[in-house]
Amino acid sequence: MKGPDNTAGMDQPVLFSDELSEPEAEIYCDGASSGNPGQSGIGVLIRFRKNSPALPDIRISESIGITTNNVAEYSAFIRALKEAASAGLRRIEIYLDSELIVKQIKGVYKVRSANLRPLWEEALKMLKKFDSYKLAHVRRDLNMEADLLAKGAVKNAGKRDRKSTRLNSSHIPLSRMP
């Protein structure tokens with residue numbers, strides 16, 4: 001499947017269809033910024049499906065310094081893709097509450113910001129590592145766990161020596177999303 005016009009001929013992995021196998025994981029990601037630009041953080045939740053190895057959910061809450069909200073959103077998306085690839089996942093569903101990123105990745109919107117273009121290119125490159133993926137925009141309330149992780153990273157920026165926190169599902173008693 002060829003990418004959208006603004007991908008400069010980059011191929012994209014096949015999107016999920018009825019003929020493809022079930023995804024191995026659902027991925028939720030979000031970026032947050034206190035000010036724009038301001039202190040920023042990312043939140044990632046990777047929830048493994050029943051058809052994948054019995055692994056605990058992965059939650060990441062990380063401060064990324066001073067940047068814009070859109071850069072934080074892309075940073076969360078890229079971090080989620082890197083974590084999924086390093087976990088050996090090949091078929092994924094990704095949910096973001098950033099309509100801008102979803103529409104830029106799908107080629108509906110052009111990437112006009114010079115600050116976002118390298119992140120957009122990196123995200124497209126990372127997506128090629130998967131056999132298939134589904135990318136969807138969701139309302140913020142359906143992305144609550146990633147949202148809380150991102151906001152927590154902003155709130156805790158500078159309060160801890162370590163910049164990144166990776167937690168398994170037993171550390172944060174958050175409700176499961178649909």
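Everything quoted here is computed from the prediction, not taken from an experiment. (Residues numbered from 1 in each chain as written. Predicted model: local features only at pLDDT ≥ 70, side-chain atom pairs only at ≥ 80, totals over all residues. Heavy atoms only, no water.)

Side note on the overall build of the chain
Assigned secondary structure in the chain consists of four helices and seven strands. When the elements of the chain are put in sequence order from the N terminus, they spell out β-β-β-β-α-β-α-α-β-α-β. Across the 178 residues that make up the chain, the buried fraction comes to 48%. Intrachain contacts of the chain at a sequence separation of at least 6 include 75% that bridge at least 24 residues. Working note: accessible area of the chain is about 9200 Å², and carbon and sulfur atoms make up 50% of it. (Helix = DSSP H or I, 4+ residues; strand = E, 2+ residues; numbered from the N terminus. Buried < 20%, exposed > 50% of the residue type's maximum accessible area, 1.4 Å probe, protein only. Contact = heavy atoms within 4.5 Å. Areas by Shrake-Rupley, 256 points an atom, 1.4 Å probe, with all protein chains shown as cover.)

Quick look at the packing of aromatic side chains
Each pair of aromatic rings is reported with the distance of its centres and the angle of its planes. With the rule as written, the count across this model stands at one aromatic pair. Centre to centre, the rings of Tyr-28 and Tyr-95 are 5.1 Å apart; their planes meet at 25°, and the pair counts as stacked. Of this pair, Tyr-28 sits in strand β2 (residues 25-35) while Tyr-95 sits in strand β5 (residues 91-96), and the two are 67 residues apart along the sequence. Take Tyr-28: its relative accessible area is 4%, and that puts it in the buried class. (Phe/Tyr/Trp six-rings, centres within 6.5 Å; stacked < 30°, edge-to-face > 60°.)

Remarks on helix α4 (residues 144-156)
Between its first and last C-alpha, α4 extends 18 Å over 13 residues, near the 18 Å set by a 1.5 Å rise per residue. The set of residues buried in α4 consists of Glu-145, Ala-146, Asp-147, Leu-149, Ala-150, Gly-152, Ala-153 and Val-154. Packed against the buried residues of α4 are β2, β3 (38-48) and β4 (58-67). (Expected span 1.5 Å × (residues − 1).)

Points about the confidence of the model for the chain
Looking at the chain, pLDDT values average 83 and 75% of them are 70 or higher. In the predicted structure, residues 1-14 sits below a pLDDT of 50 and forms 37 contacts with residues beyond four places in sequence or in another chain. For the stretch residues 16-20, pLDDT sits under 50, and the model shows twelve contacts to residues farther than four places along the chain or on other chains. (pLDDT = per-residue confidence, 0-100.)

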